[in-house]
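Structural features, examined
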Amino acid sequence: MVTQSATFDEVAPGMRRATYRIATAAGPLVVHVVAIDTHDPTVHLGAVVAHDRLLSSGETVLSMAARTGAVAGINADYFDIGNTNQPLNVVVRGGAVVRTPSRRAAIEVATDGSVAVGYVGFSGTAVYGSAQIPLTGVNEFPPQGGAALLTSAYGALAPAAGVIAASVIPIDTTPGAPGTYRVTAVGPPPAGPVTGTLLAFGPAAQALAPPPNPGDTVALTFDTTPPSASLAAAVGGGPLLVSAGAAIDDPYSPAPEERNVRFPVVGAALEADGTLLLIAVDGRKTAVSIGLTRPEFSALMLGFGATDGLAFDSGGSATLVARELGDDGPSVLNDPSDGRERAVADGLFAYSTAPAGDNPRLVVRQSAFTA
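Residues numbered from 1 in each chain as written. Predicted model: local features only at pLDDT ≥ 70, side-chain atom pairs only at ≥ 80, totals over all residues. Heavy atoms only, no water.

**Thoughts on the overall build of the chain**
Across its full length, the chain carries three helices and 28 strands. In terms of C-alpha radius of gyration, the chain reaches 22 Å, essentially the compact-globule figure of 21 Å for 371 residues. Here the chain holds 371 residues, and the buried ones make up 52% of them. A separation threshold of at least 6 residues defines the contact pool for the chain, and within that pool the share at least 24 residues apart is 67%. Approximately 15,300 Å² of the chain is accessible, and the part contributed by carbon and sulfur atoms is 55%. Distance between charge centres in the chain, computed from 20 positive and 32 negative side chains, equals 5 Å. (Helix = DSSP H or I, 4+ residues; strand = E, 2+ residues; numbered from the N terminus. Rg over C-alpha atoms; globule rule 2.2 N^0.38 Å. Buried < 20%, exposed > 50% of the residue type's maximum accessible area, 1.4 Å probe, protein only. Contact = heavy atoms within 4.5 Å. Areas by Shrake-Rupley, 256 points an atom, 1.4 Å probe, with all protein chains shown as cover. Lys, Arg positive; Asp, Glu negative; His and termini not counted. Charge placed at Lys NZ, Arg CZ, Asp CG, Glu CD.)

Structure follows, in structure tokens:
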């Protein structure tokens, strides 16, 4: 680093933002950060999926923030861009598994407000009669290696050869949750959006046992690690960049060939005191901000004092939003490299329950520091 200047501002109680302009030997950088005090009782974190469906046309981070009342947010997972636009890793909302995890890193928000960065596991079974089939996916289609549970959060089904679907209704649980279900119909997967609950059996599952028949009961047991009931939210990302206060080279990194390529990048990092940093670094603009490689992003997180951190989907997807002090809603803080926001699959958002009213504090704008 050659020189640095910074501006700071309030977002809401327990949330602050900063913009750093850094001159380095390689070129300039513009870094945007929203710091969130996870111990503040008025601050809550949540996962949002584009249009509340895993398969969708995608949605911008600003739109997701506005429609859910968030005061800050960041895009999260890699996704099936230009096709189904579904996220490729875990989504948990309010203790419910919306999508099962992949092997990539994720950020987990516990019901007590604490945050962790790591990997989420999953296991499950479907039992009917004498058959016991691995339940390998929730809202993943077509099923891979076992049966898949599909809910209305999935979206519209595409044709899939060799797949049989059982329509099920809950007996002692809520739709999409573990418990006992009764089979009402069995046949090819219905076309169009999923309504109700389906249990899909691909060729691998059918090789283990025939699908159930109408009238049969099916017991579904499944959960994540850590348990989904303990999670207020979880969203996928990757690669893992910092673990236990040290930079790491994630063996499950998406697009490993891009490790040393400069990009506009976004990610989340945890400091030792539990502060969560949402970070966006502009890129692809030589005269303004050149972006970072993954090892450089790790170094930046460590420079902020991070103990753990991961990247989210970057490049043209990189978007960080927050409310400007005095505004009613959030705005985009970084400079998306496409020239406009890209519609993405999901995001991690911060909400404030601090009471509205006269501000009891005087805030001087803008405070700045130059080194």
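**Thoughts on the sheet that holds strand β9 (residues 115–119)**
Within a beta sheet, neighbouring strands are joined by backbone hydrogen bonds and run either parallel or antiparallel to one another. Across the sheet, five strands lie side by side as β7-β6-β19-β8-β9; this open sheet has antiparallel pairing. Looking along the sheet, the strands with just one partner apiece sit at the ends: β7 (96–99) and β9. The average undirected angle you get between the axes of adjacent strands in this sheet is 25°. Here strand β6 (residues 91–93) runs beside β7; their pairing, made up of three bridges, is antiparallel. Residue Val92 lies in a different strand from β7, and its bridge partner there is Val97. (Pairing = 2+ DSSP bridges. Axes fitted to C-alpha atoms, helices over the stretch in contact; angles between N-to-C directions.)

**Brief notes about the side chain of Thr100**
For Thr100, the location among the structural elements is in the loop between β7 and β8 (105–110). A polar atom in the side chain of Thr100 sits 3.2 Å from the backbone nitrogen of Val138. Within the local environment of Thr100, its side chain forms a polar contact with the side chain of Glu140, the two groups lying 2.3 Å apart. Leave out the neighbours within four places in its chain, and Thr100 touches Asn89, Val90, Phe122, Thr136, Gly137, Val138 and Glu140. (Polar contact = N/O pair within 3.5 Å; in protein donor to acceptor, adjacent residues only side chain to side chain.)

**Describing helix α1 (residues 61–68)**
Within α1 the residues assigned to the buried category are Val61, Met64 and Ala65. Buried residues of α1 fall within an arc of 100° about the axis and therefore sit on the same side. At the exit of α1 stands Gly69, carrying a positive phi of roughly 80°. (Arc of directions from axis to C-beta.)

As far as function goes, none of this settles anything; it's purely spatial.
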